[in-house]
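Listed below, chain by chain, are the residues.
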Amino acid sequence: MSLQRTPKKNSTAFWDARRGTIYSQKGGWVIGEAIHNHGFSMMDDLVGKKSYFQVLVLNATGRLPERRLADWLEAYFICLSWPDARIWCNQIGSLAGTARTTPVAAITAGVLASDSQIFGPGATKEGVDFITTALAKKKEGRTIDEIFRPYQRRPDMVPKITGYARPVASGDERVPAMERVREQLGFEIGEHLAFAFEIENVLAERFQEYMNIGGYRCAFLCDQGFSGTEIYRILSSAVLAGVSACYAEAMDSPADSFLTLRCDDMDYQGPPLREI
Amino acid sequence: MTMTKSRPTVKRRKAQHVARTVTKIWYEKPTAQNPYLAERCYCYGYDLHELIRQKSFVDVFFLLFAGELPSQEQSKLLEALMIGLINSGPRHPATRAAMNAAVGKARHSHILPIGLSVLGGAHSGGDEVEQSMRFLRKATRRTPEDIAAEIKDKFCSSEEDFHIVPGFGTRFGGRDPMPHQLAAYLASLPGSGEAIQWGEKFAARIAEKEMGWLDTGVAAATLCDLGFLPKQGAGLYQLLRAPGILAHGQELSNKPITAMPFLSEENYVIAKDAQKK
């Protein structure tokens, strides 16, 4: 297929070539023949032979990973699947349930809320940017203090680094759990994860702050050869099982009964009542 | 290097979360009988019923997001923008998403949020409006000529970077006439301000490169002149664009799936590498 890859100014040829035709490097359904997927026949080569998480990575990146990486990802998704309705994305599932939406609307809305700068897959790009840049600086001979400095207001203050510390609590029980999984699956600690731990050790000693699951997953998956963009795509639906639990519980309870609010449960601090 | 060995038990931070969520927007006066029911609602202090009787939808819309009722000039400017943006048209990806959902028999209540999610994008969507507002707030401190000179190299080196700065550039290889017509009208209104006027000059400056205003830039400049913050830009753009997205979706929602193209095999070209071996 010879297709113009980029537009040229003052020419509509690039767009003309795409009118009425889809060009796919990924695959598709040839009716009566096969469902092609990155060089595989889905029904013959993937269904029943590869895990869902292997196909998820294949579709997101174009590369079929080994089974143990897919198993690592599945364990990671479990780490983000708490049935706790206080967690922001999960509470959206509860609110959707109490408002009687469909489960698909609830889960979609909850997953959308996890596209956040402080938790969930939304924090991926910054997390990957940090660990890859920090590692490059280390290789240039920079010290940890020099690496921390752009993230601190003053040198004695805790650096605000995506992937370290977390809202609500200090420490992260998911990191040792995923370390256990990594060891069980036989993954070595790569250079990104090793340096991520080095940073954690300094932060722990000086500020009693630790790596969170987001920082851990970014470093580990960088070591597996994924880019930040690829990691973001792979992990985009990671919270869905937790949202599902919270939706189900609220949906199975009376409508409008989830964490009810009286009028005076909102603290109005706007202008005093006034005439137009 | 391995994980810190001395990991303490995970503990809740001492951060104090508020006991009640604060709002400056809305006050609900409970009834005497049932504290969950409101007998009067007030928007920034104004009784909703008084607003219904005395103010236009546009005025109350402005109040809801700005905290004060608009001047006549502001109201007219916002109304013009709302009409100008009321429909991104059936070819915009966000509208097409809504149409696809509708013809695919998605539930009617899903059509609008599906379209609005797509409208959040960084290309011709809400994210670009926010970026454009950030750009304009800084750029308007300098002359359009200065900024155009500064990005001159981008004109020369990039054939694919059509959005030369957020909110300005080319659309499908050309200078999009519709946002220019809207911007010119908005600029003629007494409520227009520094951002729209600056954008007009900047658009003229980059015209020789077949570039100019984009819809997102016009929206951004107008929202800046109305006093809104960049963090409000993405959502307001989605809101103002919502009617057209929903209307086009609803137009297809009772139609058979044959009412939209489903490409033939000849028009769905799978790269050789993607085909089964």
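Right, let's walk through the structure included here. Everything numeric in this text was worked out from a predicted model, so none of it was measured. (Residues numbered from 1 in each chain as written. Chains lettered and ligands numbered in written order. Predicted model: local features only at pLDDT ≥ 70, side-chain atom pairs only at ≥ 80, totals over all residues. Heavy atoms only, no water.)

### Remarks on the overall build of chain A
Helix and strand counts for chain A stand at 13 helices and six strands. Referenced to the eigenvectors of the C-alpha coordinate spread, the extents of chain A come out at roughly 65 × 55 × 50 Å. By the burial criterion, 46% of the 276 residues in chain A qualify as buried. In chain A, once contacts between residues fewer than 6 apart in sequence are set aside, the share between residues at least 24 apart is 66%. In the form shown here, chain A has an accessible surface area of approximately 14,100 Å², with 54% of it arising from carbon and sulfur atoms. The distance from the centre of the 31 positive side-chain charges to the centre of the 34 negative ones in chain A is 7 Å. (Helix = DSSP H or I, 4+ residues; strand = E, 2+ residues; numbered from the N terminus. Buried < 20%, exposed > 50% of the residue type's maximum accessible area, 1.4 Å probe, protein only. Contact = heavy atoms within 4.5 Å. Areas by Shrake-Rupley, 256 points an atom, 1.4 Å probe, with all protein chains shown as cover. Lys, Arg positive; Asp, Glu negative; His and termini not counted. Charge placed at Lys NZ, Arg CZ, Asp CG, Glu CD.)

### Remarks on a nonpolar patch on the surface
Together, Trp29 and Ile31 of chain A together with Phe262 of chain B give the surface a local cluster of nonpolar side chains, amounting to about 410 Å² of exposed area. Classification of Trp29 of chain A as exposed rests on a relative accessible area of 51%. (Patch = residues over 30% accessible without salt bridge, like charges linked within 9 Å, V, L, I, M, F, W, Y side chains within 5 Å. Salt bridge = Lys/Arg side-chain N within 4 Å of Asp/Glu carboxyl O.)

### What to know about unusual backbone geometry
Of note in the backbone geometry, His38 of chain A takes a positive phi value of approximately 50 degrees without being a glycine. Within the secondary structure, His38 of chain A sits in the loop between strand 3 (34-37) and strand 4 (40-41). For His38 of chain A, a relative accessible area of 14% gives the class buried. One non-glycine residue with positive phi stands out, namely Phe172 of chain B, at about 50 degrees. Note on placement: Phe172 of chain B falls in the loop between strand 6 (168-169) and helix 9 (177-188).

### Some thoughts on empty space enclosed by the protein
Residues and elements named next belong to chain A. If you walk through the whole model with that rule in mind, you get one cavity of 30 Å³ or more. In this structure, the largest cavity spans a volume of roughly 40 Å³. Lining the largest cavity, in full, are Gly127, Phe130, Ile131, Thr162, Gly163, Tyr164, Ala196 and Gly215. Sort the elements by how many residues they give to the lining of the largest cavity and helix 7 (residues 124-139) lands first, with three residues. Of the residues that constitute the lining of the largest cavity, the class distribution is four nonpolar, four polar and no charged. (1 Å grid on protein atoms, 1.4 Å probe; cavity = no way out; pocket = protein on both sides within 12 Å on 5 of 7 lines; lining within 4 Å. Points joined across faces, edges and corners; volume = space filled by probe spheres on them. Nonpolar A, V, L, I, M, F, W, Y, C, P; charged D, E, K, R; others polar.)

### Some thoughts on the interface of chain B and chain A
On the side of chain A, 72 residues touch chain B, which itself brings 60 residues to the contact. Where chain B abuts chain A, roughly 5,600 Å² becomes buried across the two surfaces, and 60% of that area is made up of carbon and sulfur atoms. Between chain B and chain A we count three salt bridges in total. One salt bridge in this structure joins Asp267 of chain A and Arg20 of chain B, with 3.3 Å as the shortest N-O distance. One can count 30 residue pairs in polar contact (both at pLDDT 80 or more) joining chain B with chain A. Those elements giving two or more residues to the side of chain B that touches chain A turn out to be strand 1 (11-12), strand 2 (21-23), strand 3 (26-30), strand 4 (38-43), helix 1 (48-54), helix 5 (108-118) and strand 8 (268-270) of chain B. Top contributing element to the side of chain B that touches chain A by residue count: strand 3 of chain B, with four residues. In the side of chain B that touches chain A, the residues fall into 28 nonpolar, 14 polar and 18 charged. (Buried area = accessible area lost by both parts, 1.4 Å probe. Polar contact = N/O pair within 3.5 Å; in protein donor to acceptor, adjacent residues only side chain to side chain.)

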